[in-house]
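In case you want the letters, here they are:
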Amino acid sequence: MAASIRMSWRMLRRDWRAGELTVLSLALVIAVGSVTSVGFFTDRVRLALENQANTLLGADLVMISDRVISETLRIDADKLALESATSIEFPSMMMAAERNQLVSIKAVESPYPLRGELRISQQRFASDRVATGVPEAGSIWVDMQLLDLLGVNVNDVVRVGEADFKIASILTNEPARASGQLFSLAPRVMLNLTDVASTGLVTPASRVRHRMMFAGEVAAVANFRAMVEPRLQAGQRMEGIEEARPEVRSALERARRFLGLAAMVSVLLAGVAVATSSQRFIRRHLDSCAVMRCVGGSQQQILSIFMLQMLWLGLMAGAVGCLLGFGAQFVLVGIMGSLADFALPTPSLLPILFGLLTGLVTQFGFALPPLLHLKNVPSLRVLRRDLGALPTRSISTYGLGFVVLSALIVWQAGDLKLGLYVLGGLIVALLLLAGVAFLLLKVLATFRAHLFVEWRFGVTNLMRRPMSSVAQVIAFGLGIMVLLLFSVIRDDLLNEWGDSLPDDAPNRFLINIQPDQVEPLSQFFSEEGLKAPALYPMIRGRLVEIGGKAVQPEHYENPRAQHLLERQFNLSWAAQMQVDNQLIAGEWWTAAESERQFSVEEGIAKALSIEVGDTLVFLIDEQRVSARVSNLRSVEWDSFRPNFFVIASPGVLESYSSSFMSGFYLPEDEYLVLDKMVRQFPNITVIDIAAVMTQVRIIIERVTLAVEYVFLFTLIAGLLVMYAAIYSTLDERIRESVILRTLGAGRRRLMNGVIAEFVTLGALAGMVAAAAASLLGYVLAVHLFQLEYHFNGWVWLIGIIGGGAGIGLAGVLGTRKVLNYPPLLALREG
Amino acid sequence: MAENISHSIVRVQGLSKRVVSPEGELVLLDDLSLEIDAGEAVAIVGASGSGKSTLLGILAGLDVPSDGQVWLDGHDLFKLDEDGRAALRQSTVGFVFQSFQLLPNLTALENVMLPLELGGAMDVAPQASEMLARVGLAERLHHYPKQLSGGEQQRVAIARGFVVKPKILFADEPTGNLDSATGERVIALLFELNREQDATIVLVTHDEALARRCHRSLRIDAGRLVAVERSVAV
């Protein structure tokens with residue numbers, strides 16, 4: 001065995017030097033690189049969640065509630081020697097001399113944070129330091145971004161609600177930042193809890209998130225949790241370090257699956273390249289094997305030498321792939337990381353293990369069948385070269401590879417059913433693409449006679465190896481399709497979505513309008529010469545009973561239903577149904593009716609199994625409010641007009657504390673009106689829909705950019721499939737070209753033939769890609785997003801021309817050796 | 001199990017080789033018996049297709065006969081399995097082929113090192129270099145086969161054949177791909193090394209001049225041994 005190891009190592013060095021292993025190892029590097037780049041990235045986020053969970057939480061245990069948390073909890077915590085601190089979070093407007101801005105306010109008290117640290121700096125981009133304590137009363141700490149948005153600086157005074165604050169520091173790091181939402185739309189403002197009252201922003205109807213944080217000995221924390229959890233009321237939950245950042249966890253899991261599966265496409269293609277280049281490697285080593293047998297190598301020895309050689313190659317290529325993946329994940333972090341709001345630690349070794357495993361599985365899955373053949377090469381081949389030839393490609397060559405890759409895909413999906421769906425989808429898609437590619441080749445072949453001689457030569461070359469050509473068309477087709485889908489088609493869909501909104505769709509929302517401000521606000525608008533927008537009353541209540549039965553989130557399997565029951569609803573009342581709502585069942589109430597009635601949006605009615613005639617009970621201000629459901633209605637949510645899940649008939653809700661909201665269209669040149677309004681009504685929060693849409697667009701762009709980036713590996717893998725295919729036919733091509741050259745064909749003519757072959761290949765791939773991208777775009781537009789689909793000719797132009805030019809160039813580079821090979825040498829080599 | 005059978009290094013008894021072809025059964029070797037003594041140089045001659053290469057292949061244990069027995073260095077060759085025969089070749093046999101059969105990715109030195117490495121020997125480069133120097137290629141150690149002329153390639157092959165100090169060297173048309181002057185030099189080298197190492201040479205050729213330099217020529221025709229000619233020139 002020691003001799004085999006030595007030999008395998010030497011053979012590897014020698015074959016490497018001879019360039020026999022370049023494509024094979026590159027394919028493995030790409031496979032491992034694509035998997036590990038995703039692996040490292042998701043691993044870093046996972047580690048951040050695990051190792052920094054209490055830092056991310058700002059405590060060891062947090063109670064989150066949509067109403068004020070009882071102080072008795074703090075007393076209980078004291079008894080167990082737990083530290084505690086409370087915070088509240090809500091959106092509001094902040095005003096500076098000239099501008100105003102929606103911000104996310106967090107009011108904290110010492111000793112916040114219980115875990116982790118706040119970091120602040122006194123100047124933009126200056127080095128920061130750990131803050132001791134929390135902002136002093138009357139001062140605030142803000143995100144640096146806010147300084148730019150408001151055009152202010154440290155030490156300037158800004159207004160929040162009815163109070164003025166001095167900006168004391170720039171907040172550079174905050175544990176538990178934006179907990180509850182991955183992507184925060186509003187910059188953070190941190191102030192002292194004692195200052196909240198002076199802002200006048202928090203009323204019973206305000207949407208405020210209360211937190212009470214605890215930290216201490218592990219056992220004490222566990223005891224405390226066990227004691228408190230049974231006492232949790234609706235709208236309250238505990239978050240320990242195990243459940244920290246559930247939204248990041250689920251986003252991470254989705255990203256891991258999706259990007260992981262996307263990376264698998266590259267692995268699959270790399271597998272094809274591995275199979276093709278292994279075939280050539282083995283074919284070129286048949287004689288060597290025979291000679292080795294001849295000079296005394298045993299079957300076992302020869303097989304183990306080649307197997308070990310493959311193992312070393314796999315491990316080394318895997319290591320390089322891991323390095324590539326590690327480098328590549330920085331780009332992913334660059335693209336995606338800024339959307340998350342916490343620092344990422346260095347990754348663990350787990351992705352390396354998985355990467356190496358993927359590399360070896362891919363390598364042996366696709367290279368083992370031809371490798372095993374080496375064992376059977378008869379030594380007599382040294383005398384008779386026709387013996388022991390490698391059988392032509394067959395199911396057995398690719399079968400094992402596809403089986404192990406299928407297993408990897410299912411494993412990557414993390415769920416058998418999902419994995420099988422993905423696998424099935426992939427197989428069907430590949431078969432369809434193969435069918436289309438094959439048909440296109442056939443059609444092209446029928447025109448062959450009418451082509452110029454070089455093109456005829458090129459097309460003939462493609463037709464001569466139809467399976468290989470089809471594989472290459474699919475590989476490039478997939479890569480180009482993803483690029484088209486995520487650039488041209490994505491922009492089309494986003495634009496179509498923007499266009500689908502009516503011109504007067506509301507672009508500003510006003511919330512937190514107090515009942516006594518309804519009249520003055522209408523007056524304000526008319527004074528400004530604007531049409532007063534409709535104001536809708538808004539009351540917060542929790543659904544506790546449907547049709548006489550108490551409801552709990554855990555009664556429902558549907559996550560949406562659970563979510564709806566965990567939080568408070570925004571309820572409203574109205575005499576008339578909004579014009580853009582449509583009655584689905586039952587009747588709208590008339591003025592003459594005195595019965596207490598509810599109108600329910602059909603979506604939540606379905607999620608919660610609410611029917612016309614059911615009596616619903618809401619808990620509002622700790623009181624039970626009940627009414628019968630008299631109708632269901634459909635709502636056009638993407639119209640951006642204010643709408644409510646549940647609307648009560650007049651007389652049901654008016655006596656409870658409420659606020660008002662409005663959504664209206666403000667022409668862009670009138671934005672100064674808002675500044676004036678916010679100054680006059682400082683508690684009103686203005687939400688700029690355009691800004692929200694821009695944020696959504698940025699998130700979509702980032703996410704698709706990340707996916708595109710992962711598919712870049714697919715394109716490279718496609719190139720490798722092509723190079724592997726070129727290399728597997730290189731000897732044949734060299735022989736042909738030499739014969740043609742000795743017969744008098746010039747280099748230019750041969751070069752034109754090569755260009756014709758690969759431009760055709762690329763154009764076909766581009767065509768397949770454009771067709772698939774258009775089809776997917778259509779399905780996404782019409783069936784998923786209910787948008788109108790517009791044919792975009794650019795997809796076809798970019799696909800075909802880009803594909804033809806790109807692949808043509810790559811093909812010419814790949815076959816350079818053929819044209820530059822000295823004819824005499826080729827003839828001598830036979 | 002080695003048997004002591006006089007001082008023959010090769011002994012063949014009732015050897016036949018038949019293959020099935022589309023035209024029916026084809027007899028390549030027909031009931032052939034012969035003996036080759038240690039230290040002897042023997043040429044197998046005959047027309048193309050007469051079966052001489054088939055005989056060489058079977059004598060070296062590269063192919064198996066349909067009938068008959070072959071003893072190589074006292075071992076009943078076909079009682080051994082394929083790996084057993086390979087091991088025997090490793091310790092006893094050297095080869096030189098018409099088409100050189102050098103591994104294209106290996107330098108001259110590495111090609112010569114190969115049989116030693118396969119035998120598990122360590123630090124074989126000095127031995128291989130010495131052998132290459134012996135065949136006049138001391139300056140060409142690190143050249144690849146395609147950088148060498150035909151004659152040089154064959155000399156590398158001879159070095160590879162002799163580096164294991166074989167008891168018997170099989171050569172298949174060793175000058176077939178060389179011009180006559182180069183062929184002459186290669187043959188001279190072959191016999192020189194043969195003498196130095198006191199090895200046995202069995203070579204297949206249809207070069208009558210080469211055959212005459214051997215102690216004996218075994219003439220094969222249609223798979224049968226038709227004549228044994230003793231050479232006087234040796």
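Conventions and cut-offs
Residues numbered from 1 in each chain as written. Chains lettered and ligands numbered in written order. Predicted model: local features only at pLDDT ≥ 70, side-chain atom pairs only at ≥ 80, totals over all residues. Heavy atoms only, no water. Helix = DSSP H or I, 4+ residues; strand = E, 2+ residues; numbered from the N terminus. Buried < 20%, exposed > 50% of the residue type's maximum accessible area, 1.4 Å probe, protein only. Contact = heavy atoms within 4.5 Å. Areas by Shrake-Rupley, 256 points an atom, 1.4 Å probe, with all protein chains shown as cover. Core = buried A, V, L, I, M, F, W, Y, C linked by side-chain atoms within 4.5 Å. Buried area = accessible area lost by both parts, 1.4 Å probe. Salt bridge = Lys/Arg side-chain N within 4 Å of Asp/Glu carboxyl O. Polar contact = N/O pair within 3.5 Å; in protein donor to acceptor, adjacent residues only side chain to side chain. Axes fitted to C-alpha atoms, helices over the stretch in contact; angles between N-to-C directions. Left-handed = near helix turned anticlockwise from the far one by under 90°. Nonpolar A, V, L, I, M, F, W, Y, C, P; charged D, E, K, R; others polar. Expected span 1.5 Å × (residues − 1). Pairing = 2+ DSSP bridges. Phe/Tyr/Trp six-rings, centres within 6.5 Å; stacked < 30°, edge-to-face > 60°. Lys NZ or Arg CZ within 6 Å of the ring centre and 35° of its normal. Patch = residues over 30% accessible without salt bridge, like charges linked within 9 Å, V, L, I, M, F, W, Y side chains within 5 Å. Parallel < 35°, antiparallel > 145°, perpendicular 65-115°, else oblique. pLDDT = per-residue confidence, 0-100.

### Here's the deal with the overall build of chain B
Counting secondary structure elements, chain B contains 7 helices and 10 strands. Within chain B, buried positions represent 54% of all 234 residues. Within chain B, counting contacts between residues at least 6 apart in sequence, those at least 24 apart form 67% of the total. As displayed, chain B offers around 9700 Å² of accessible surface, 49% of which is attributable to carbon and sulfur atoms.

### As for the overall build of chain A
Each helix and strand in chain A was counted, giving 24 helices and 22 strands. The proportion of buried residues among the 830 residues of chain A is 54%. Of all intrachain contacts in chain A linking residues separated by at least 6 positions in sequence, the fraction that spans at least 24 positions is 82%. Split by element, the accessible area of chain A, about 36100 Å² in all, is 61% carbon and sulfur.

### A word on the nonpolar core
The tendency in soluble globular proteins is for nonpolar side chains to be buried as a group. Judged by nonpolar contacts, the single largest core of 162 residues is most densely connected at B:Leu55, B:Leu59 and B:Phe170. When residues of this core are assigned to their parent elements, the largest contribution, 23 residues, is made by helix H8 (residues 246–294) of chain A. With residues near it in sequence (within four places) discarded, B:Leu59 still touches B:Val10, B:Val12, B:Ile44, B:Val70, B:Leu72, B:Leu77, B:Phe170 and B:Val202. Counting 41 residues, the second-largest nonpolar core is a separate cluster that includes B:Met113, B:Val186, B:Phe191 and B:Ala199.

### Digging into the interface of chain A and chain B
Between chain A and chain B, the residue contacts involve 31 residues of the former and 32 residues of the latter. Buried area between chain A and chain B, both sides added, is near 2800 Å², and the carbon and sulfur share of it is 55%. Interface area lost by chain A to chain B is led by A:Arg14, A:Val295 and A:Leu383, which between them contribute 21%. Linking chain A with chain B are 6 salt bridges, by the criterion used here. A salt bridge links A:Arg14 to B:Glu117, with the nearest nitrogen and oxygen atoms 3.4 Å apart. For the interface between chain A and chain B, the tally reads 12 residue pairs in polar contact (both at pLDDT 80 or more). Contributing elements (two or more residues each) for the side of chain A that touches chain B: helix H1 (2–17), H8, helix H9 (299–336) and helix H24 (823–829) of chain A.

### Focus: the packing of helix H4 (residues 72–79) of chain A against helix H7 (residues 218–228) of chain A
All names here are of chain A. Look at H4 against H7: their axes get within 10 Å of each other, and the N-to-C directions meet at 145°. Regarding H4 and H7, the two cross each other, and that crossing is right-handed. In contact with Leu73, Asp76 and Ala77 of H4, H7 contributes Phe224, Met227 and Val228. In terms of residue class, the contact of H4 with H7 is made up of 5 nonpolar, no polar and 1 charged.

### Details of helix H12 (residues 416–446) of chain A
Across its 31 residues, H12(A) extends 45 Å between first and last C-alpha, which sits within 8% of the 45 Å expected from 1.5 Å per residue. Along H12(A), the residues that are buried comprise A:Gly419, A:Leu423, A:Leu430, A:Leu433, A:Ala434, A:Ala437, A:Leu441 and A:Ala445.

### Overview of the sheet that holds strand E4 (residues 67–72) of chain B
All names here are of chain B. Read across the open sheet, the 4 strands follow the order E2-E1-E4-E5; overall the sheet is antiparallel. Two strands close off the open sheet at either side, each with one partner strand: strand E2 (24–37) and strand E5 (75–76). Looking at chain direction, strand E1 (residues 8–21) and E2 are connected through 10 bridges and run antiparallel. If you follow valine 20 over to E2, its bridge partner there is glutamate 25.

### Quick look at the packing of aromatic side chains
All chains considered together, the criterion is met by 18 aromatic pairs over all chains. Ring centres of A:Phe354 and A:Trp411 lie 4.7 Å apart, and the angle between their planes is 50°; this geometry places the pair in the tilted category. One end of the pair, A:Phe354, is in helix H10 (residues 350–373); the other, A:Trp411, is in helix H11 (residues 395–413), and 57 residues separate them in sequence. For A:Phe354, a relative accessible area of 14% gives the class buried. Three or more aromatic residues joined by ring pairs form one cluster here, namely A:Phe524, A:Phe525, A:Phe664 and A:Phe681. Between B:Arg11 and the ring centre of B:Trp71, over which it is positioned, the NZ or CZ distance is 4.5 Å.

### Some words on unusual backbone geometry
For the bond running from A:Ser110 to A:Pro111, omega is 5°, close enough to zero to count as cis. Within the secondary structure, A:Pro111 sits in the loop between strand E3 (100–108) and strand E4 (119–121). The omega angle of the peptide bond from A:Tyr112 to A:Pro113 is -10°, so this bond is cis rather than trans. With respect to the helices and strands, A:Pro113 occurs in the loop between E3 and E4. Its identity as a non-glycine residue notwithstanding, B:Gln101 has a phi of 55°, on the positive side. Residue B:Asp123 is not a glycine yet carries a positive backbone phi of 50°.

### Some details on the pairing of strand E9 (residues 188–192) of chain A
Residues and elements named next belong to chain A. Buried residues dominate E9, accounting for 5 of its 5 residues. Residues Arg188, Met190 and Asn192 of E9 are buried on one face, and the alternating residues Val189 and Leu191, pointing to the opposite face, are buried as well. Bridge count for E3 against E9 is 5 bridges, and the pairing is parallel. Along E9, the bridge assignment pairs serine 104 with arginine 188. Where strand E6 (residues 139–142) meets E9, 3 bridges bridge the pair, whose relative direction is antiparallel. Looking across to E9, one finds that tryptophan 141 is bridged to methionine 190.

### Considerations on the sheet that holds strand E8 (residues 200–204) of chain B
Residue and element names in this part refer to chain B. In space, the 6 strands of this open sheet follow the order E6-E7-E8-E3-E9-E10, with mixed pairing throughout. With partners counted over all chains shown, the strands left at the sheet margins are strand E6 (93–97) and strand E10 (224–230), one partner each. Across the sheet, the mean angle from the axis of one strand to that of its neighbour is 20°, orientation sign disregarded. In terms of strand pairing, strand E3 (residues 41–45) meets strand E9 (residues 216–221) through 4 bridges, oriented parallel. Counted as the bridge partner of valine 45 is arginine 219 from E9. Taken strand by strand, helix H5 (residues 150–163) contacts E6 and strand E7 (168–172), and its axis lies near 170° from that of E6.

### Focus: a nonpolar patch on the surface
A contiguous nonpolar surface patch, about 430 Å² in accessible area, is contributed by A:Trp794, A:Leu797, A:Ile798 and A:Ile801. Here A:Ile798 is to be found in helix H22 (residues 793–814).

### Things to note about the pattern of salt bridges
For the coordinates displayed, the defined rule picks out 42 salt bridges over all chains. Between A:Arg115 and A:Asp60 there is a salt bridge, with the nearest N and O atoms lying 2.9 Å from each other. Of this pair, A:Arg115 sits in the loop between E3 and E4 while A:Asp60 sits in the loop between helix H3 (53–57) and strand E1 (61–65); the two residues are 55 residues apart in sequence, bridging distant segments of the chain. A salt bridge links A:Arg119 to A:Asp128; its shortest N-O distance comes to 3.2 Å. On the basis of relative accessible area, A:Arg119 is assigned to the partly exposed category, the value being 22%. Within the structure, one salt-bridge network assembled from shared partners comprises A:Arg10, A:Arg14, A:Arg17, B:Glu110 and B:Glu117.

### Things to note about the packing of H1(A) against H9(A)
Residues and elements named next belong to chain A. The N-to-C vectors of H1 and H9 enclose an angle of 60°; their axes lie 8 Å apart at closest approach. With respect to H9, the element H1 is oriented oblique. Handedness of the crossing formed by H1 with H9: right-handed. Every residue of H9 that contacts H1 at Ser4, Ile5, Met7, Ser8, Trp9, Met11, Leu12 and Asp15 is listed here: Gln301, Ser304, Ile305, Phe306, Leu308, Gln309, Trp312, Leu313 and Met316. The residue makeup of the contact of H1 with H9, split by class, is 11 nonpolar, 5 polar and 1 charged.

### What to know about H22(A)
Residue and element names in this part refer to chain A. The terminal C-alpha atoms of H22, which comprises 22 residues, lie 31 Å apart, in line with the 32 Å expected from a rise of 1.5 Å per residue. Listed as buried for H22 are Val795, Gly799, Gly803, Gly804, Ile807, Gly808, Ala810, Gly811, Val812 and Gly814. Of the residues that open H22, the one with a side-chain oxygen 2.8 Å from the backbone nitrogen of tryptophan 794 is asparagine 792.

### Here's the deal with the confidence of the model for chain A
Per-residue confidence for chain A gives a mean pLDDT of 83, with 94% of residues at or over 70. Counted against residues more than four places away or in other chains, residues 178–183 of chain A, with its pLDDT under 50, gives 19 contacts.

### Some remarks on the environment of A:Gln309
Residues and elements named next belong to chain A. Positionally, glutamine 309 belongs in helix H9. Since its relative accessible area comes to 1%, glutamine 309 is described here as buried. In the structure, glutamine 309 is positioned 304 residues away from isoleucine 5 in sequence and 8.3 Å away in space, judged by C-alpha atoms. A polar atom in the side chain of glutamine 309 sits 3.5 Å from the backbone oxygen of methionine 11.

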